[in-house]
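Now for the letters of each chain:
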Amino acid sequence: MAGEWRDAVEEAREATGFTGDVLQRTIDGIGAALRLDHRADFYAELGALADSGGFEAFLNHWWTQALADAAPDTEAREQAIDFADVAVSLFARAVGGPKSGQSEIDAIVAGIEAR
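Residues numbered from 1 in each chain as written. Predicted model: local features only at pLDDT ≥ 70, side-chain atom pairs only at ≥ 80, totals over all residues. Heavy atoms only, no water.

*Asks:* Got a sec to walk through the pattern of salt bridges? Specific residues and values, please.
*Replies:* Per the stated rule, a full pass over the model turns up 3 salt bridges. In this structure, the salt-bridge partner of R25 is E56, at a minimum N-O distance of 2.5 Å. A residue pair is termed long-range when its members are at least 10 positions apart, and R25 in the loop between α1 (2-16) and α2 (27-33) and E56 in helix α4 (residues 52-70) qualify at 31 residues. Exposure remark for E56: the relative accessible area of 25% places this residue in the partly exposed category. Among the charged side chains, a network of salt bridges with common partners joins R35, D37 and D69. (Salt bridge = Lys/Arg side-chain N within 4 Å of Asp/Glu carboxyl O. Helix = DSSP H or I, 4+ residues; strand = E, 2+ residues; numbered from the N terminus. Buried < 20%, exposed > 50% of the residue type's maximum accessible area, 1.4 Å probe, protein only.)

*Asks:* An account of the packing of aromatic side chains is requested, with residue identities and associated values reported.
*Replies:* By the definition in use, this model includes 8 aromatic pairs. A centroid spacing of 5.2 Å and a plane angle of 15° characterise the contact between F42 and F58, whose relative ring orientation is stacked. With a gap of 16 residues between them, F42 in helix α3 (residues 36-48) and F58 in helix α4 connect regions that are remote in the sequence. Assessed through its relative accessible area of 2%, F58 is described here as buried. When the centroid spacing of 5.6 Å and the interplanar angle of 70° are considered together, the rings of F42 and W62 count as edge-to-face. Highlighted residues: F42 in helix α3 and W62 in helix α4, separated in sequence by 20 residues. Take F42 and W62: they sit in the same class, and that class is buried. Among the aromatic residues, ring-to-ring pairing joins W5, F18, W63, F83 and F91 into one connected group. The ring of W5 is capped by R25, whose NZ or CZ atom sits 4.5 Å from the centre of that ring. (Phe/Tyr/Trp six-rings, centres within 6.5 Å; stacked < 30°, edge-to-face > 60°. Lys NZ or Arg CZ within 6 Å of the ring centre and 35° of its normal.)

Rendered as structure tokens:
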């Protein structure tokens with residue numbers, strides 16, 4: 001799965017033009033990047049996680065939040081969230097998870113709602 005994640009991140013970077021730092025999608029990488037007020041919620045949710053199926057969704061959610069928290073300003077934050085949405089969608093498609101259609105991914109990149 002590491003190869004699929006790496007490919008999804010690179011494709012999302014190209015699609016969105018994201019130039020910020022890409023945080024590691026690991027417990028340590030996410031935890032270190034979160035603001036303190038989010039970090040407590042992150043570790044509490046991690047402790048309550050029961051199944052591995054929920055773990056991927058957990059990582060996706062908190063990785064996106066960590067990217068947003070690490071952004072230096074509002075514009076960078078919005079770009080980081082768009083990048084994360086595309087990366088997570090591409091990764092899910094690559095590993096057979098819940099899928100976003102190409103039109104939804106294109107809409108994220110364009111900054112509009114998919115119909």
